[in-house]
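So the chains spell out like this:
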Amino acid sequence: MSTGKVVTFSSLGMRARGTCGCADEDVQALVRAALAARQRAYCPYSRFQVGAALLTTDGETFDGCNVESASYTPTICAERTAVVKAVSCGRRQFSSVAVVAHLEDSYVAPCGVCRQLLAEFGLDVAVYLAKVDLSSVLVTDLRALLPLSFGKY
Ligand code: THU
């Protein structure tokens, strides 16, 4: 993956401040929240478990997992589950999002639809894409993932 920087999970806790401006401990907690949410994935069709956790600028965390449907189309990704949970609780300002899933040789990044929904509430969102074993984290941001984005008009 060309965009972003790969770091170790433990190094997230060694720097004073994370990309999002929040304490690095919060980033580790966010990744752990995404990992825990992944365990609740309902994915009998793809068997591809994804967990996400969204941090508000107030420091609240909303997690989410993917939820699939037998008719496939209603399937919702972990990231959008988290966004919908947050927004329906009245939160619209986000500083970062963590995503955890297992791919052997890469990191799972939000799909295009999820990038667009995240962008609805602002592009200044740090993105942490973590391995399930927490061996490494790809750190990037929504602007890099959604260049020339279409926004409010
Ligand atoms: N999925 C997510 O939850 N997030 C992503 O970033 C990529 C894909 C889900 C949707 C579906 O349940 C499964 O992974 C396979 O595509």
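Coordinates for the structure precede this section.
Residues numbered from 1 in each chain as written. Predicted model: local features only at pLDDT ≥ 70, side-chain atom pairs only at ≥ 80, totals over all residues. Heavy atoms only, no water.

Caption draft 1: Inspection of unusual backbone geometry at higher detail. Despite not being glycine, Tyr72 shows a phi value in the positive range, around 65 degrees. Its place among the elements puts Tyr72 in the loop between strand E3 (61-65) and helix H3 (78-88). Phi angles above zero are rare outside glycine, and Leu148 is one such case at about 50 degrees. One can find Leu148 in the segment after helix H5 (142-145). Judged by its relative accessible area of 89%, Leu148 falls in the exposed class. (Helix = DSSP H or I, 4+ residues; strand = E, 2+ residues; numbered from the N terminus. Buried < 20%, exposed > 50% of the residue type's maximum accessible area, 1.4 Å probe, protein only.)

Caption draft 2: Inspection of the side chain of Asn66 at higher detail. Along the chain, Asn66 falls in the loop between E3 and H3. A distance of 2.8 Å separates a polar side-chain atom of Asn66 from the backbone oxygen of Phe48. A distance of 3.1 Å separates a polar side-chain atom of Asn66 from the backbone nitrogen of Val50. Contact partners of Asn66, with chain neighbours within four places excluded, come to Ala41, Tyr42, Cys43, Phe48, Gln49, Val50, Ile76, Cys77 and Ala78. (Polar contact = N/O pair within 3.5 Å; in protein donor to acceptor, adjacent residues only side chain to side chain. Contact = heavy atoms within 4.5 Å.)

Caption draft 3: Just H3, in detail. Of all the positions in H3, only Ala78, Glu79, Arg80, Thr81, Ala82, Val83 and Ala86 are classed as buried. Its buried side turned inward, H3 meets strand E2 (50-56), E3, strand E4 (94-101) and helix H4 (112-119). Directly beyond the C-terminal end of H3, a positive phi value near 90 degrees is found at Gly90.

Caption draft 4: Region of interest: the packing of H3 against H4. One can describe the packing of H3 onto H4 by two numbers: an axis separation of 9 Å at closest approach and a directional angle of 25 degrees. Regarding the angle of H3 to H4, the classification is roughly parallel. Once H3 is placed against H4, the crossing between them reads as left-handed. Facing H3, whose interface residues are Glu79, Arg80 and Val83, H4 presents Val113, Cys114, Leu117 and Leu118. Taken together, the residues of the contact of H3 with H4 break down into five nonpolar, no polar and two charged. (Axes fitted to C-alpha atoms, helices over the stretch in contact; angles between N-to-C directions. Parallel < 35°, antiparallel > 145°, perpendicular 65-115°, else oblique. Left-handed = near helix turned anticlockwise from the far one by under 90°. Nonpolar A, V, L, I, M, F, W, Y, C, P; charged D, E, K, R; others polar.)

Caption draft 5: Just a nonpolar patch on the surface, in detail. Together, Tyr42, Tyr45, Val67 and Tyr72 make up an exposed nonpolar region whose accessible area comes to about 430 Å². Mapped onto the secondary structure, Val67 falls in the loop between E3 and H3. (Patch = residues over 30% accessible without salt bridge, like charges linked within 9 Å, V, L, I, M, F, W, Y side chains within 5 Å. Areas by Shrake-Rupley, 256 points an atom, 1.4 Å probe, with all protein chains shown as cover. Salt bridge = Lys/Arg side-chain N within 4 Å of Asp/Glu carboxyl O.)

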